[in-house]
Amino acid sequence: MHLTLSKPGLMRTGNFIAGQWHEAAEGTALVVTNPANNEPIARVPDSGAAAARAAVDAAHAAFPAWKKTPAKVRAQCLKRWNDLVLSHQEDLGRLISREQGKPLAEGIGEVAYAASYIEWFAEEATRANGDIIPAPVPGRRMFALREPVGVVAAVTPWNFPAAMIARKIAPALAAGCTVVCKPAEDTPLTSLALVALAAEAGVPPGVLNIVTASRERTPEVVDVWLADARVRKITFTGSTPVGKHLARRSADTLKKLSLELGGNAPFIVFEDADIKAAVDGLMAAKFRNGGQTCVCPNRVFVHDAVYASFSDLLVRRVAELRVGPASDEASQIGPMINARAVEKIERHVQDAVSRGAGVLTGGKRLPALGDNYYAPTVLADVDATMACASEETFGPVAPLTRFGDEAEVIAQANDTPFGLAAYFYSRDVRRIWRVADALESGIVGINEGAISAEAAPFGGVKDSGYGREGSAHGLDDYLHTKYLCQGQLD
Ligand code: SIN
């Protein structure tokens, strides 16, 4: 199905290297499809090692000049990029919804979320201050300067095709780094459109390069970047096994790493919670992007005393969710990204039911809509033996587990190798601080389900990775500290 954009130049279908677009060579294209109906949308290059090397050559050549460009000029460039992204918000939102499947309102909302990172890091660019250190001996002056790490390789996910690339590339450019990027194979078009706007904003040739590749050929591209000592940092959002692979393989060239990996977020509703607020929070956190976010609650623990009232209200709200394609503006839950995603959700629900869980609503595919749709689901009486309690479902399934006391639920919440996000609802201020301290998680939502913001440090602990995106910490990840010691001054 054809997608009409008010700025047709945003529909880019080539690699962008050293300021030039390179279309797919004959017979080597990756077909991008609409998950709502599996129809093709566009063809982009299925790149390999040669394109990956050319991108690093360009980024390496552009680095010295970009590093020396005054921070204020880099900031102005990012501000123009931000303005262009916002002035094409509707087009970009349509592109996101078409290739990723999220409802149009969410697609348009994601563009504003992406722009908020660009604007934030435009402002942070001019604040990469160093330190003047009081010298411990006479006749010396000591300084700590902050310098860009160099060429950054960004490998971005499909679930937020605009926001994740913005929150990696904007801090890199703000810090004075140059970038090579490989967007997710399912959603390259939004990334290419963003890169086109960055070039229009004045990002110089070679500073930002992007190559697309299929799932099968991605290792070829990434292996080149892992082996190349000129690439000084990898930033990756995706699965924990891939993150660990990147960490192992980048050891030989000791690259700096930011890894935003899998999650298994607990969502705890204590007996003293405001139940309506807790249901609102779960709806916002769990069903955003159809449950396909790394910070989605994956395990919902509800105190015995409020289990019935919480689950009744939740089921009513979930059953009202409207499922459909992004082309229907009333849709609140779109298709899942692909067939594998639906298979995983189905496996988790079937496994839970076979082990004694009940389906309170949903629990099935929606074939009348298409192959990639799954009904928003609430499961009751889920326990730790079920696959959905230990694996990230990444779909619209809320599994409810009862608990009786605080210590028991904290132990259960922490009983996972992951630690990206956690949420809890309580009105007891002493409990709030106790539980917030005890949760092993990089992010904690307290009486709040919408925790993401450009001003906040986003990232995990344990198997959810390391490094932070957003906030002032997000710039630090692209800088290193250089110590200058000047002597003979007395
Ligand atoms: C993610 O799912 O990786 C990002 C979600 C967010 O930024 O809120």
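Located above this text is the structure these notes cover.
Residues numbered from 1 in each chain as written. Predicted model: local features only at pLDDT ≥ 70, side-chain atom pairs only at ≥ 80, totals over all residues. Heavy atoms only, no water.

S.K.: Give me the layout of surface pockets: which residues, what numbers.
M.R.: Quantified by volume, the largest pocket comes out at close to 1,100 Å³. What lines the largest pocket is a set of 39 residues, and nearest its centre among them are W158, F236, G238, S239 and V242. Those elements that provide at least two residues to the lining of the largest pocket are α7 (218-227), β10 (231-237), α8 (240-249) and α11 (339-354). Each residue belonging to the lining of the largest pocket can be placed in one class, and the counts come to 17 nonpolar, 13 polar and nine charged. The volume enclosed by the second largest pocket comes to roughly 250 Å³. N34, R98, P325, A326 and S327 are the residues nearest the centre of the second largest pocket, which is lined by 15 residues in total. Among the elements that make up the lining of the second largest pocket, the one with the highest residue count is helix α3 (residues 89-100) (three residues). Of the residues in the lining of the second largest pocket, the class split is eight nonpolar, four polar and three charged. (1 Å grid on protein atoms, 1.4 Å probe; cavity = no way out; pocket = protein on both sides within 12 Å on 5 of 7 lines; lining within 4 Å. Points joined across faces, edges and corners; volume = space filled by probe spheres on them. Helix = DSSP H or I, 4+ residues; strand = E, 2+ residues; numbered from the N terminus. Nonpolar A, V, L, I, M, F, W, Y, C, P; charged D, E, K, R; others polar.)

S.K.: Which residues make up the site of the ligand, and what values go with them?
M.R.: The full set close to the ligand counts 13 residues, and Y113, R167, R288, C294 and S452 are the nearest of them. Within the side chain of R288, one N or O atom sits 2.8 Å away from an oxygen atom of the ligand. Between the ligand and the protein, one listed contact pairs an oxygen atom with a backbone N or O atom of C294 at 2.7 Å. Burial of the ligand by the protein chains amounts to 100% of its free accessible area of 260 Å². Among the residues making up the shell around the ligand, the classes are represented as six nonpolar, four polar and three charged. (Near = heavy atom within 4 Å. Polar contact = N/O pair within 3.5 Å; in protein donor to acceptor, adjacent residues only side chain to side chain. Areas by Shrake-Rupley, 256 points an atom, 1.4 Å probe, with all protein chains shown as cover.)

S.K.: Tell me about the nonpolar core, residues and numbers included.
M.R.: One finds L78, W81, V85, L92, I169, L173 and V179 to be the most contacted residues of the largest nonpolar core, which totals 62 residues. Residue contributions to this core peak at 10 residues, all from helix α5 (residues 163-175). A273, L314, A380 and M386 belong to the second largest nonpolar core, which has 56 residues in total. (Core = buried A, V, L, I, M, F, W, Y, C linked by side-chain atoms within 4.5 Å. Buried < 20%, exposed > 50% of the residue type's maximum accessible area, 1.4 Å probe, protein only.)

S.K.: Could you give me a rundown of the pairing of strand β19 (residues 443-446), with the residues and numbers involved?
M.R.: Burial along β19 is one-sided: the face carrying I443 and G445 is buried and the face carrying V444 and I446 is not. Pairing geometry for strand β18 (residues 421-425) and β19, over four bridges, is parallel. Its bridge partner lying in β19, A422 is registered against V444. With helix α14 (residues 429-438) bridging β18 and its parallel neighbour β19, the resulting β-α-β unit is right-handed. (Pairing = 2+ DSSP bridges. Right-handed = clockwise from strand over helix to strand, strands pointing away.)

S.K.: I'd love a proper account of the sheet that holds strand β22 (residues 479-486), names of residues and values included.
M.R.: The sheet built from three strands is open, its strands ordered β5-β6-β22 with antiparallel pairing. Pairing within the sheet leaves two strands with one partner each, and these edge strands are β5 (131-133) and β22. Mean inter-strand twist for the sheet, computed between neighbouring axes without regard to direction, equals 25 degrees. (Axes fitted to C-alpha atoms, helices over the stretch in contact; angles between N-to-C directions.)

Any link to function would need more than the numbers given here.
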